[in-house]
Amino acid sequence: SLVYTAGAAPGIVLGTHGAGVFRSDDGAASWARASTGFDASLVAGLLADPQAPGHLLAAAYDGVFASGDGGASWTNASSGLPFGAPVGDLARGSGGRVYAATLGGGLFASADDGLTWTARANGLSDPDLVDEVKRLTANERHATTQLIAALGEFDARRLYLGQGCSSLFTYC
């Protein structure tokens, strides 16, 4: 997962599947580990807050983590989530609500930007649940399109050569 952070600490934050979180402050020319306070190495998704530059949430194997400084440091933000249930993804809904999809634990919502979570799927009417799935699917398609465009630009600029890789496929 990849997000751009704005505000006082502009940069790019990358969540990986196995190596934690990294941050680049120079347009992806170099990366530094950005996992202070973040125990998880498996990051399923990152979510930026458009209303609060620098505020990020990370969906991880062991819960949700929050950063208020563009990913430089993190705190556990899993209050109300089932213990031990990996968080597969995060999504921002209407009215500032944030959703966390857990693997095996259900859907949870936060009205305070990830400070506390409550079970949500049980209270959704059928039409609300269908609408939420449609919205989340549309967001996923948008994110996938952005990733493909970024990888295309990455390949066009041959940025993988700086990492000692002979092609984009060996880099990935």
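So, a few notes on the structure that sits alongside this text. (Residues numbered from 1 in each chain as written. Predicted model: local features only at pLDDT ≥ 70, side-chain atom pairs only at ≥ 80, totals over all residues. Heavy atoms only, no water.)

Some remarks on the overall build of the protein
Within the protein, the regular secondary structure consists of 2 helices and 12 strands. The buried share of the protein, taken over its 172 residues, is 36%. Contacts spanning at least 24 positions in sequence make up 33% of the contacts within the protein whose residues lie at least 6 apart. Looking at the protein as shown, the accessible area adds up to about 9500 Å², and 58% of this sits on carbon and sulfur atoms. (Helix = DSSP H or I, 4+ residues; strand = E, 2+ residues; numbered from the N terminus. Buried < 20%, exposed > 50% of the residue type's maximum accessible area, 1.4 Å probe, protein only. Contact = heavy atoms within 4.5 Å. Areas by Shrake-Rupley, 256 points an atom, 1.4 Å probe, with all protein chains shown as cover.)

Concerning the packing of aromatic side chains
Per the stated rule, a full pass over the model turns up 2 aromatic pairs. Here the aromatic residues Phe 38, Phe 65 and Trp 74 are joined through ring pairs into a cluster of three or more. (Phe/Tyr/Trp six-rings, centres within 6.5 Å; stacked < 30°, edge-to-face > 60°.)

What to know about the sheet that holds strand 10 (residues 98-102)
Spatial strand order, 9-10-11-12: 4 strands in an open sheet with antiparallel pairing. The open sheet has two edge strands, strand 9 (87-92) and strand 12 (118-119), and neither has a second partner. For strand 11 (residues 106-110) and strand 12, the ladder comprises 2 bridges, and the chain directions are antiparallel. Bridge assignment links Phe 108 to a residue of strand 12, and that residue is Ala 119. (Pairing = 2+ DSSP bridges.)

Quick word on the sheet that holds strand 3 (residues 21-24)
The antiparallel open sheet is built from 4 strands, whose spatial order is 1-2-3-4. Sheet topology places strand 1 (2-5) and strand 4 (32-33) at the edges, where each strand pairs with a single neighbour. As judged from the 4 bridges shared by strand 2 (residues 11-15) and strand 3, these two strands associate in the antiparallel manner. Residue pairing for strand 3: Gly 15 is matched across the bridge by Val 21.

Observations regarding the pairing of strand 9
Both strand 9 and strand 10 contribute to a ladder of 5 bridges, which runs antiparallel. If you follow Leu 90 over to strand 10, its bridge partner there is Ala 100.

Section: the environment of Gly 18
For Gly 18, the position within the fold is in the loop between strand 2 and strand 3. Considered as a pair, Gly 18 and Leu 42 are 24 residues apart in the sequence and their alpha carbons are 4.8 Å apart. Non-local contacts of Gly 18, meaning those with residues more than four positions away in its chain, are made with Ser 41 and Leu 42.

A closer look at the pattern of salt bridges
Oppositely charged side chains may form a pair once their charged atoms are brought near each other. This structure, assessed with the given rule, holds 2 salt bridges. Among the salt bridges present, the one from Asp 25 reaches Arg 23, with a minimum N-O distance of 2.9 Å. The class of Asp 25 is exposed, set by a relative accessible area of 59%. Between Asp 113 and Arg 92 there is a salt bridge, and its shortest N-O distance comes to 3.1 Å. Highlighted residues: Asp 113 in the loop between strand 11 and strand 12 and Arg 92 in strand 9, separated in sequence by 21 residues. Of the two residues examined, Asp 113 and Arg 92, each falls in the buried class. (Salt bridge = Lys/Arg side-chain N within 4 Å of Asp/Glu carboxyl O.)

Quick word on the side chain of Ser 67
Note on placement: Ser 67 falls in strand 7 (residues 63-67). A polar contact is formed between the side chain of Ser 67 and the side chain of Asp 69, at a distance of 2.8 Å. Within the structure, Ser 67 has its side chain in polar contact with the backbone nitrogen of Gly 71 (distance 2.8 Å). (Polar contact = N/O pair within 3.5 Å; in protein donor to acceptor, adjacent residues only side chain to side chain.)

Structural notes on unusual backbone geometry
Phi angles above zero are rare outside glycine, and Ala 28 is one such case at about 75 degrees. Locating Ala 28 in the fold gives a position in the loop between strand 3 and strand 4. Here the phi dihedral of Asp 113 falls at roughly 55 degrees; this positive angle occurs in a residue that is not glycine. Among the residues examined, Asp 113 registers a relative accessible area of 15% and is labelled buried.

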